[in-house]
Amino acid sequence: MLLLTNNPKVKEASEINIPIEFIDGSYLDVLEQVRRHLVDDRYHLITHPLSGSIKPNETVYKSIILLDETHEAISIENLDMIDHAIEVYHRFQSMRRTPNWTTRVLQDFALIDYDLVTSALNRINVPPSFL
């Protein structure tokens, strides 16, 4: 498994027991890097790229879990999901761009994304590791 994120709270979480690829960029940068892994490395999505109830033009943070076992064929279903997520991102940004949030609001969004990804890891039975 591989966790792609632009969330510093997720990056620094010692209890997450899978490799983390930190993307120093935007929500869209995370989606595009996930797409590259799906196409180039034949990875598969474990979490949906539009998980959670926060719209792509509201938060700046996104974390997505991939299965990093190389497969012979590209998953068309996964590719459709990530392409749809990228389209949704652009559509929401064209309606209303992500605000320039205060530090406190950004911390709240970081915590929400962290909770989503740790909940997903718990659901797929990845035990936490505490250093």
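The structure under discussion appears in the preceding block.
Basis of the calculations
Along each chain, residue indices are assigned from 1 in the same order as the chain's sequence is written. Under the rules for a predicted model, residues below a pLDDT of 70 receive no local features and side-chain atom pairs below 80 are neither given nor counted, while totals for whole chains, interfaces and linings still include all residues. Note: side-chain values were computed over all heavy atoms of the structure, leaving out hydrogens and water. Pairing of aromatic side chains requires ring centres within 6.5 Å, counting the rings of Phe and Tyr and the six-membered ring of Trp. Pairs whose planes differ by under 30 degrees are stacked, by over 60 edge-to-face, and all others tilted. A ring has a charge above it when a Lys NZ or an Arg CZ is no more than 6 Å from the ring centre and no more than 35 degrees off the ring normal. Strand pairing is defined by DSSP finding a minimum of two bridges between the two strands. Going along the chain from the N terminus, every DSSP run of H or I of four or more residues is numbered as a helix, and every run of E of two or more is numbered as a strand. By the convention used here, residues are in contact when the closest approach between their heavy atoms is within 4.5 Å. Every angle, taken between N-to-C directions, lies between 0 and 180 degrees, and every axis is a line fitted to C-alpha atoms, over only the stretch in contact when it is a helix. The rule for a salt bridge is simple: a side-chain nitrogen of Lys or Arg has to be within 4 Å of a carboxyl oxygen of Asp or Glu. Using a 1.4 Å probe on the protein chains alone, a residue whose accessible area is under 20% of its type maximum counts as buried, one over 50% counts as exposed, and one in between counts as partly exposed. In these notes, a set of buried Ala, Val, Leu, Ile, Met, Phe, Trp, Tyr and Cys residues joined through side-chain atoms within 4.5 Å is what counts as a nonpolar core. Orientation labels follow simple angle bins: below 35 degrees gives roughly parallel, above 145 gives roughly antiparallel, 65 to 115 gives roughly perpendicular, and whatever is left gives oblique. Crossings are assigned a handedness: left-handed for a near helix turned anticlockwise from the far helix by less than a right angle, right-handed for a clockwise turn. Side-chain classes are defined by residue name, with Ala, Val, Leu, Ile, Met, Phe, Trp, Tyr, Cys and Pro counting as nonpolar, Asp, Glu, Lys and Arg as charged, and the others, Gly among them, as polar.

Q: Could you clarify how one ought to interpret the packing of aromatic side chains in this entry?
A: Any pair of aromatic rings gets described here by the distance separating the centres and the angle formed by the planes. One pass over the full model with this rule turns up 2 aromatic pairs. Across from the ring centre of Y114, 5.0 Å away, lies the NZ or CZ of K9, which sits over that ring.

Q: Got a minute to help me understand the sheet that holds strand β3 (residues 44-45) in this structure?
A: By definition, the strands of a sheet pair up through backbone hydrogen bonds, in either a parallel or an antiparallel sense. The sheet built from 4 strands is open, its strands ordered β2-β1-β4-β3 with mixed pairing. This sheet does not close on itself; its edge strands, each paired only once, are β2 (20-22) and β3. Sheet analysis places β3 next to strand β4 (residues 63-67), joined by 2 bridges and oriented antiparallel. Bridging across to β4, L45 finds its partner in L66. Strands β1 (2-5) and β4 of the sheet are contacted by helix α4 (residues 103-123), whose axis makes an angle of about 25° with β4.

Q: I would appreciate a short explanation of the pattern of salt bridges in the present structure.
A: Between side chains of opposite charge, pairing is possible as soon as their charged atoms come close. Across all of its chains, the model carries 2 salt bridges by this definition. A salt bridge links R35 to D83; the nearest nitrogen and oxygen atoms lie 2.5 Å apart. Placement of the pair is R35 in helix α2 (residues 27-40) and D83 in helix α3 (residues 76-95), with a sequence separation of 48 residues. Taking relative accessible area as the criterion, D83 reaches 23% and is therefore assigned partly exposed. A salt bridge links D108 to R104, with the shortest nitrogen-to-oxygen separation between them at 3.5 Å. With D108 and R104 both in helix α4, this residue pair falls 4 residues apart, about one helical turn. Assessed through its relative accessible area of 33%, D108 is described here as partly exposed. Owing to a relative accessible area of 55%, R104 belongs among the exposed residues under this scheme.

Q: Whenever I open this one, the nonpolar core confuses me. Can you help?
A: Across soluble globular proteins, you tend to see nonpolar side chains buried next to one another. Counting residues in each nonpolar core, the largest one holds 18 residues, and the members touching the most others are L31, V34, I64, L66 and I82. Only β1, α2, β4 and α3 provide two or more residues apiece to this core. When residues of this core are assigned to their parent elements, the largest contribution, 6 residues, is made by α2. Each residue touching I64, except ones within four places of it in the same chain, is listed here: L2, L3, L4, V30, L31, V34, L45, T47 and P49.

Q: What am I meant to see in the packing of α2 against α3 here?
A: Between two packed helices, both the angle of their axes relative to each other and the distance between the axes serve to describe the pair. The contact between α2 and α3 brings their axes to 10 Å, and the two run at 160°. Taken together, the axes of α2 and α3 lie roughly antiparallel to each other. In this structure, α2 meets α3 at a crossing whose hand is left-handed. Taking contact as the criterion, the partners of Y27, L28, L31, E32, V34, R35, L38 and V39 in α2 are, on α3, N78, L79, I82, D83, A85, I86, Y89 and H90. Class assignment of the residues belonging to the contact of α2 with α3 gives a composition of 11 nonpolar, 2 polar and 3 charged.

Q: Teacher, can you tell me more about unusual backbone geometry here?
A: Glycine aside, residues mostly have negative phi angles, and peptide bonds mostly take the trans form. The backbone of R42 sits at a positive phi, close to 65°, despite the residue not being glycine. Summarising the element assignment, R42 is placed in the loop between α2 and β3. Its relative accessible area of 25% is what places R42 among the partly exposed residues.

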